[in-house]
Amino acid sequence: RTFPWQARNEMHKSAIVLSLAAMVELASAFTAPAAPMPLRQSRAATSAATSLNMGVKVTVVNAEDFEMEKGEILRNGMQAANVEVYYTMKGKLFNCNGGGQCGTCKVELQGGAVSGRTDAENKLLAKDPPTFRLACQTLVNGPCTIKNKPDA
């Protein structure tokens, strides 16, 4: 003898198996890209000088100078040169990985050629001087001097 709840359980089991099979079939229809997309692409592709990406010198107050490519994001260049970007434990653990949402990569631009402020910077740095920038949102277009950790 079959009880009504046993029949329902069998129907649910077959529905789950069918829906899993449909998900596997649907997932196999999509192919993965050849290379993973970066979290945030450099905006160098919009630069007029992309074909002439020459090394530019970035001078960091109280740290070693380094060179990076013209049109590259400042945060990426700082990390490649092992210049400390984040200066609090919160910044080191809970930063937004260059998304322009946390403000922990704040630097002070003391001179040089960089891109203009983005909307994210205007929002996060509204109470700071106009020379304060987010390293993750700043494109280096020429030699520049920055002060890392301006609030410290």
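Residues numbered from 1 in each chain as written. Predicted model: local features only at pLDDT ≥ 70, side-chain atom pairs only at ≥ 80, totals over all residues. Heavy atoms only, no water.

**Focus on a nonpolar patch on the surface**
Just so we agree on the cut-off: Without a salt bridge and with relative accessible area above 30%, a residue can belong to a patch; like charges are then joined within 9 Å and nonpolar side chains (Val, Leu, Ile, Met, Phe, Trp, Tyr) within 5 Å. The protein chains shown are the only cover counted for residues, whose accessible areas, like all others here, come from Shrake-Rupley with a 1.4 Å probe. We define a salt bridge as a side-chain nitrogen of Lys or Arg found within 4 Å of a carboxyl oxygen belonging to Asp or Glu. Put simply, DSSP H or I for four residues or longer makes a helix, DSSP E for two residues or longer makes a strand, and each gets a number counted from the N terminus.
On the surface, M89, L93 and F94 cluster together into a nonpolar patch covering about 390 Å² of accessible area. Among the secondary structure elements, F94 is positioned in helix α3 (residues 89-94).

**Details of the nonpolar core**
The following threshold applies: What is meant by a nonpolar core is a set of buried Ala, Val, Leu, Ile, Met, Phe, Trp, Tyr and Cys residues, joined one to another through side-chain atoms within 4.5 Å. Each residue is placed in one exposure class: buried if its accessible area under a 1.4 Å probe, protein chains only, is under 20% of its type's maximum, exposed if it is over 50%, and partly exposed if it falls in between. In this description, contact between two residues means that some pair of their heavy atoms is separated by no more than 4.5 Å.
Residues V58, F66, L74, M78 and I146 are the most contacted members of the largest nonpolar core, which totals 22 residues. Contributing elements (two or more residues each) for this core: β1 (55-61), β2 (66-69), α2 (74-80), β3 (106-114), β4 (132-134) and β5 (140-148). Residues contacting M78, with those up to four places away along its chain left out, are F66, V83, E84, V85, V107, A135, I146 and N148.

**Quick look at the pattern of salt bridges**
Applying the stated criterion across every chain, the model contains six salt bridges. Between D128 and K106 there is a salt bridge whose closest N-O contact spans 3.0 Å. Note that D128 is positioned in the loop between α4 (119-124) and β4 and K106 in strand β3, a separation of 22 residues in sequence. Judged by relative accessible area, which is 22%, D128 ranks as partly exposed. Between R133 and E121 there is a salt bridge whose closest N-O contact spans 2.7 Å. Here E121 lies in helix α4 and R133 lies in strand β4, a separation of twelve residues in the sequence. The pair formed by R133 and E121 is uniform in burial state, with each residue classed as buried. Each of the salt bridges in this network shares a partner with another, and the network as a whole consists of E84, K92 and K149.

The quantities given are spatial measurements derived from coordinates; they are silent on function.
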